[in-house]
Amino acid sequence: MLDFCIIGSGISGSTIANLLNKKFSVSVYDKARGVGGRSSFKRYKGKIGFDHGLQYLSPRSREFKSFTNKLIKKKVLKHWRGNHEFLNEKVKKDKKHIKLIGVKGNNDISKFLLKKINCNFQSELFEIKRQKDCWYLRFKDNKHVYSKNLILSIPFPQAKKLSSKFVKTKLFKNKVIMNSSLTVLLMTNKTGIKTSSFFTNDKVLGWVSKENSKKRFKCNKDLWVLQSTFEYGNKHTDNYRNKKKFFINVLLNKFKKIKKIKIKKTYFTHIHGWKYSSNSKPLKTQSYWDERIGLGICGDWFGGPRLENGWLSAHDLYGKITCK
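Chemist: What exactly am I supposed to notice about the nonpolar core here?
Modeler: Soluble, globular proteins show a tendency: their nonpolar side chains are buried together. Ile-7, Leu-137, Leu-171, Ile-297 and Trp-301 are the most contacted members of the largest nonpolar core, which has 29 residues in total. For this core, the elements supplying multiple residues, two or more each, are β1 (2–7), β9 (125–131), β10 (134–139), β11 (144–152), α4 (156–163) and β18 (295–297). Excluding its chain neighbours within four sequence positions, the residues that come into contact with Leu-171 are Phe-156, Leu-283, Tyr-288, Ile-297, Trp-301 and Phe-302. Of all hydrophobic cores here, the second largest spans 21 residues; its members include Leu-205, Tyr-232, Ile-261 and Ile-271.

Chemist: Looking at this structure, how should I read the pairing of strand β2 (residues 26–29)?
Modeler: Walk down a regular strand and you will see the side chains alternate between the two sheet faces. The side-chain alternation of β2 yields two buried faces, one formed by Val-26 and Val-28 and the other by Ser-27 and Tyr-29. Inspection of the sheet shows β1 paired to β2 by four bridges, in the parallel sense. Residue pairing in the sheet places Ile-6 in a bridge with Val-28 of β2. Once you follow β1 into helix α1 (residues 11–20) and on to β2, the crossover reads as right-handed. Direction of pairing for β2 relative to strand β8 (residues 118–120): parallel, over a ladder of three bridges. Residue pairing for β8: Tyr-29 is matched across the bridge by Asn-120.

Chemist: Is there a simple way to explain a positive patch on the surface in this structure?
Modeler: A cluster of basic side chains, namely Lys-22, Lys-70, Lys-73, Lys-74, Lys-115 and Lys-116, defines a positive patch on the protein surface. Note that Lys-70 resides in helix α2 (residues 62–73). Note on Lys-70: relative accessible area 53%, which makes it exposed.

Chemist: Whenever I open this one, empty space enclosed by the protein confuses me. Can you help?
Modeler: Any space left empty among the atoms is revealed by the rolling of a water-sized probe across them. By the definition in use, this model includes one cavity of 30 Å³ or more. Of the pockets and cavities examined, the largest cavity occupies roughly 40 Å³. Per-element tally for the lining of the largest cavity: the top contributor is strand β7 (residues 100–102), with three residues. A breakdown of the residues in the lining of the largest cavity according to their chemical character gives seven nonpolar, three polar and no charged.

Chemist: I'm lost on the pairing of strand β14 (residues 205–210) in this one. Help?
Modeler: For β14, the tally of buried residues reaches six of six residues, placing the bulk of the element in the interior. In terms of strand pairing, strand β13 (residues 195–199) meets β14 through three bridges, oriented antiparallel. Residue pairing across strands places Phe-198 opposite Val-208, the latter belonging to β14. Counting the residues that bridge the hairpin from β13 to β14 gives five residues.

Definitions and cut-offs
Residues numbered from 1 in each chain as written. Predicted model: local features only at pLDDT ≥ 70, side-chain atom pairs only at ≥ 80, totals over all residues. Heavy atoms only, no water. Core = buried A, V, L, I, M, F, W, Y, C linked by side-chain atoms within 4.5 Å. Buried < 20%, exposed > 50% of the residue type's maximum accessible area, 1.4 Å probe, protein only. Helix = DSSP H or I, 4+ residues; strand = E, 2+ residues; numbered from the N terminus. Contact = heavy atoms within 4.5 Å. Pairing = 2+ DSSP bridges. Right-handed = clockwise from strand over helix to strand, strands pointing away. Patch = residues over 30% accessible without salt bridge, like charges linked within 9 Å, V, L, I, M, F, W, Y side chains within 5 Å. Areas by Shrake-Rupley, 256 points an atom, 1.4 Å probe, with all protein chains shown as cover. Salt bridge = Lys/Arg side-chain N within 4 Å of Asp/Glu carboxyl O. Lys, Arg positive; Asp, Glu negative; His and termini not counted. Charge placed at Lys NZ, Arg CZ, Asp CG, Glu CD. 1 Å grid on protein atoms, 1.4 Å probe; cavity = no way out; pocket = protein on both sides within 12 Å on 5 of 7 lines; lining within 4 Å. Points joined across faces, edges and corners; volume = space filled by probe spheres on them. Nonpolar A, V, L, I, M, F, W, Y, C, P; charged D, E, K, R; others polar.

As structure tokens, this is what we get:
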């Protein structure tokens, strides 16, 4: 029987799995096809691809800076150089503000942390039960797992749905609002635009990234990531699947208008809705642990919208588990 079953392979899940694996038997389960959660890398062909969700890291805490510096030395992370424009006056431009990205993709951190751990993908958790001294987990494909302890590193609404009857504190009484966003991946003819990324002041299109500028691959076409504002995403993420072409064109046309460019041809388009993109309001605690039944919960939504918050949440939970 497993010591710890961890649900989710994003930054919090991969971090807590890596920490626990040094002392316990650990397995990770994720409903996605691959590792990384909202840091996933959408591969197009070979090394060519797009950072699907998270665009970059900008470490703030001393602990996370130390961690990312180690990954730079190990060539897991690198600096994202280039011209980053701030058209939105509400987004403060800091000259010391660094941008770090994965050498191959922004899921490189999770891949690095999970390289020695048993991972199971396309495994969506459907039901959990407490049976005597262990957890019974049933997945949508009818696979089932028994584990002494269970760690949920998933968005607030999903964690609440699965585990609220087992949580005795006021954790799920917090008003956690998870913002949504739409992301369009786009391959076009060469446009001549030198900008690596820019924050806009538009109410629909919030952010644009030129993937070629991350210097992971060479390509005779331009690759772009267009991300909607939370305001627009919150309104349309629930129904975008029925009108994918429409929403792709909305963000694409905004992009062309803002940058005043003509795109002669698009070779590839894809749209994805991040229903639970981020929580902008931090909670008073960084993680949850009930030693009596072996239930832990961690995630970036405990501390705020940044990936770093997920990493800190996992370390906080590990400290509670090991009483450090």
